[in-house]
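This is what each chain is made of:
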Amino acid sequence: MLKMNKISCVYQTDLIETHALRDIDLNVKAGEFVALTGPSGSGKTTLLNLSGLLESATSGTYLLDGEDVSSLSDRQRSSIRNEKIGFIFQSFNLIPDLNLFDNVDVPLRYRAMGIEERRRRIENALELVGLSSRMKHLPSQLSGGQQQRVAIARALAGEPKFLLADEPTGNLDSLMARQVMELLEKINSEGTTIVMVTHDPELARRAHRSIELLDGQISSTQLFGVSAEEPDEKTEAESVA
Amino acid sequence: MEIRPILSAILRNKTGAILLAIQIALTLAVVVNAMFIVQQRLKFIGRPTGIDIENIIVISSQGFGSSYDHEQTVFSDLELLRAIPGVKYAAHISRFPLSGGGSRSGFTSTTDSDAESVGANYYFAQNGTIDALGVKLAAGRDFLPTEILTGEQIDNGVVASSVLITKALAEKLFPDGNALGNLVYGGTGDSSRVVGIIEKMHGAWVSWDGLNQVLIFPGLRKDSGQRYLVRTEPGQRDRLIPEVESVLEKASVSRYLDRMEPMSEMVGRSYDNDRVVANGLIIVIVLLVSITGLGIVGLASFLVRQRTKQVGTRRALGAQKYHIVRYFLVENWLITTMGVVVGTVMAFGLNYWTATEFSLPKLDPVFVPVGILGIWVLGVLAAAGPAKRASNISPAIATRTV
């Protein structure tokens, strides 16, 4: 599903050069649930951004769903984000002026998709996260956990091949965090590949594999469960703890 | 297109949008009416006069001393002026048309004392004066030299046997179209026969509704001053002014020149008030449009800054750059259109008020769509910059927590 080879990311200013990622090799198989962990500034979010084509690597190659996406145009990257990737953000990133229906509709509007098909997908997605009765509510009328479920519904409505979750439970209390995590596990069990950034070791252990980053490099990998397909053992073997 | 969600977003944060829509409405109402008034004034200023204003030099001088002889001075001056290369025609006239000064009286086409007279400007001039003015004869002929009355004859009450009148006056006096050859009667019952009809010629006062009603009598009234019209070859006017001045100053006559200028300058002064009004309104239009444009830029920039993360999220979820540009342009267009709807009503209301209070003409409705189109274009241009900036927001903003 996702294959990175010697990926580096360097942020440059006039005075400073910051190596956010150094020669990362990463292989995520279809159906896998991977947790990215590590201290602040270790490069987790940068790796997530590169995976989701939100920014570009300085060097290295990146194959997503078998396609080399290392040097695509902005337009092509946007299309791939829209059609193949679902995003879940720590702060939910719902649009406060839109009701739940319209929030879930946002990525679908960027596709050439009829209103009926969009409506079906939105209703299914909100049904899946248990919020179909609140479609006309605004995000401000929901709890944090409910808002994150709407964000998950928004990610799922596009029927992405893989989900990128950036600290999806970071702003939630433990009960809501557990509910969201259970939802992600359910989604993964139905075949969607998930890469999740988390600080929480408990949550990381619920993934199939946890990759720890330190100073922009993979410092260790732990296997916790069986994924739909086995990860590429050669790529990860050297760094397994 | 996402008009419904955008409209919904506008209505949930309506203060800024309403204020801008009110500003747009006021701008449209004022600009439409101002444009209409400016157009009316410019049309008024630019009316065809029938006179070859651009190629005429107007000269006036005052004689003094006991040796001064008016008629002799006029004849010798005209001879000198006509001899200057580049001068096509030179003639004397009692007052300059379009100067703001002249003589007016009531005229009729009948001896019936109860007949309603028609007001008209009248001038005394010689044969050839119509050539010096550059006016065209629609029918008839110019004066014959024998028809020109001397100053003494005029003083002794001799009535001119012939008269030239403008077509506009002819149509008022002789609605049946038989002016040529008929008699025109003055206030004292004296009559002159119409020998020629001038196609078009403006009289003295630009604001007078009888401006097109003019008579020219053949004569050279006794006067201490002279008024000459010197019509030059096209493009020669400015070059000839110093030469004309020099020639007249060298003539050994007891008089001084008190006016020597292009006729266009003199006419321009007659329209000074109208020009001031038009220019003032143009400044108001430019200021209002600029302020409204800045208001649109301001609100659009504020909304872009306020929604940086939202835009980043949209980009992360797959929006192309043009989707973002379109979003902000559509949002701006909706706000502008709200202002335009209210502004259209206000434009007609304002015109009704100015028409009833200041007797201004009724607004030509074509100015409203022109104004609306202008405001829409202004809105797009003003919002384009902020919209473009928004489209350049990185999708990576979506994952930033601060």
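Residues numbered from 1 in each chain as written. Chains lettered and ligands numbered in written order. Predicted model: local features only at pLDDT ≥ 70, side-chain atom pairs only at ≥ 80, totals over all residues. Heavy atoms only, no water.

Undergrad: Where do I start with the packing of helix 4 (residues 115–128) of chain A against helix 5 (residues 144–157) of chain A in this structure?
TA: Pairs of packed helices are described in terms of their axes, by the angle between the two and the distance that separates them. Residues and elements named next belong to chain A. Two elements in contact, helix 4 and helix 5, have axes separated by 8 Å at closest approach and are oriented at 140°. In terms of orientation, helix 4 and helix 5 fall into the oblique class. Considering how the two elements wind past one another, helix 4 and helix 5 form a crossing that is right-handed. On helix 5, the residues touching R121, A125, L126 and L128 of helix 4 are A153, L156 and A157. (Axes fitted to C-alpha atoms, helices over the stretch in contact; angles between N-to-C directions. Helix = DSSP H or I, 4+ residues; strand = E, 2+ residues; numbered from the N terminus. Parallel < 35°, antiparallel > 145°, perpendicular 65-115°, else oblique. Left-handed = near helix turned anticlockwise from the far one by under 90°. Contact = heavy atoms within 4.5 Å.)

Undergrad: I keep staring at a nonpolar patch on the surface and nothing clicks. Help me out?
TA: Residues and elements named next belong to chain B. Taken together, the side chains of I18, L19, I22, L26, V341, V342 and M346 define a hydrophobic patch exposed on the protein surface, amounting to about 610 Å² of accessible area. Listing elements by their share of the nonpolar patch, those giving two or more residues are helix 2 (14–45) and helix 11 (321–358). Looking at the nonpolar patch, the element that brings in the most residues is helix 2, giving four residues. Note on placement: M346 falls in helix 11. (Patch = residues over 30% accessible without salt bridge, like charges linked within 9 Å, V, L, I, M, F, W, Y side chains within 5 Å. Areas by Shrake-Rupley, 256 points an atom, 1.4 Å probe, with all protein chains shown as cover. Salt bridge = Lys/Arg side-chain N within 4 Å of Asp/Glu carboxyl O.)

Undergrad: Looking at this model, I keep getting lost on the pairing of strand 6 (residues 85–88) of chain A. Mind explaining?
TA: Looking along a regular strand, one sees the side chains alternate between the two faces of the sheet. Residues and elements named next belong to chain A. Covered by surrounding structure in strand 6 are I85 and F87 together with G86 and I88, the residues of both alternating faces. The pairing of strand 6 with strand 7 (residues 162–166) spans four bridges and is parallel. Residue pairing for strand 7: G86 is matched across the bridge by L163. (Buried < 20%, exposed > 50% of the residue type's maximum accessible area, 1.4 Å probe, protein only. Pairing = 2+ DSSP bridges.)

Undergrad: Looking at this model, I keep getting lost on the environment of G144(A). Mind explaining?
TA: Residues and elements named next belong to chain A. Mapped onto the elements, G144 comes out in helix 5. Taking relative accessible area as the criterion, G144 reaches 24% and is therefore assigned partly exposed. Along the primary structure G144 and F92 are separated by 52 residues, whereas in three dimensions their C-alpha atoms are 8.4 Å apart. Contact partners of G144, with chain neighbours within four places excluded, come to F92, L172 and M176.

Undergrad: How should I be thinking about the interface of chain B and chain A in this particular structure?
TA: Put simply, an interface is often sized by how much accessible area is lost when its parts join up. Residue-level contacts link 27 residues of chain B with 28 residues of chain A. Between chain B and chain A, roughly 2500 Å² of surface is buried when both sides are summed, and carbon and sulfur atoms account for 51% of that area. Its salt-bridge partner being D74(A), residue R315(B) comes within 2.7 Å of it at the nearest N-O pair. Secondary structure elements with two or more residues in the side of chain B that touches chain A: helix 1 (3–12), helix 10 (308–316) and helix 11 of chain B. If one sorts the elements of the side of chain B that touches chain A by residue count, helix 10 of chain B sits on top with six residues. Its residues placed into classes, the side of chain B that touches chain A shows ten nonpolar, ten polar and seven charged. (Buried area = accessible area lost by both parts, 1.4 Å probe. Nonpolar A, V, L, I, M, F, W, Y, C, P; charged D, E, K, R; others polar.)

Undergrad: Before we go on, may I ask you to explain the domain arrangement of chain B in this structure?
TA: What the domain assignment reports for chain B is domain 1 (3–46 + 272–399) and domain 2 (101–131 + 143–218). Summarising the inter-unit geometry, the C-alpha centres of domain 1 of chain B and domain 2 of chain B are found 55 Å apart. (Domains from an automatic or database assignment.)

Undergrad: Just checking my understanding: could you explain the pattern of salt bridges for this structure?
TA: A side chain of one charge can pair with a side chain of the opposite charge when the charged atoms of the two come close. Residues and elements named next belong to chain B. Tallied over the full model, the rule gives 25 salt bridges over all chains. Of the charged contacts, one joins E199 and K167 as a salt bridge, the two residues approaching to 3.3 Å between their closest N and O atoms. Of this pair, E199 sits in the loop between strand 8 (191–198) and strand 9 (214–218) while K167 is found in helix 6 (residues 167–173), placing the two residues 32 residues apart along the sequence. One salt bridge in this structure joins R307 and E331, with 2.7 Å as the shortest N-O distance. One end of the pair, R307, is in the loop between helix 9 (272–306) and helix 10; the other, E331, is in helix 11, and 24 residues separate them in sequence.

Undergrad: Can you help me understand the packing of aromatic side chains in this one?
TA: In this description, a pair of aromatic rings is defined by centroid distance and the angle of the planes. Residues and elements named next belong to chain B. Counted under the stated rule, the structure contains 13 aromatic pairs over all chains. Between F107 and Y122, the ring centres sit 6.2 Å apart and the planes meet at 80°, which makes this aromatic pair edge-to-face. In this pair, F107 is assigned in strand 3 (residues 103–107) and Y122 in strand 4 (residues 118–125), connecting sequence segments 15 residues apart. For F107, a relative accessible area of 5% translates into the label buried. (Phe/Tyr/Trp six-rings, centres within 6.5 Å; stacked < 30°, edge-to-face > 60°.)

Undergrad: Explain unusual backbone geometry to me, please; I cannot follow it from the model alone.
TA: A negative phi angle characterises most non-glycine residues, just as the trans form characterises most peptide bonds. The phi torsion at D65(A) lies on the positive side, around 55°, for a residue other than glycine. For D65(A), the position within the fold is in the loop between strand 4 (59–64) and strand 5 (67–68).

Undergrad: Honestly, the sheet that holds strand 2 (residues 87–92) of chain B in this entry has me stumped. Any pointers?
TA: Within a sheet, adjacent strands bond to each other through the backbone by hydrogen bonds, running parallel or antiparallel. Residues and elements named next belong to chain B. Spatial strand order, 2-10-1-11: four strands in an open sheet with antiparallel pairing. Single-partner strands in this sheet number two, and they are strand 2 and strand 11 (255–262). Neighbour to neighbour, the strand axes of the sheet diverge by 20° on average, direction disregarded. Together, strand 1 (56–63), strand 2, strand 10 (225–232) and strand 11 form the strand contacts of helix 3 (residues 70–82), whose direction differs from that of strand 10 by roughly 15°. Helix 7 (residues 237–250) rests against strand 1, strand 2, strand 10 and strand 11 of the sheet, and its axis sits at about 175° to strand 11.

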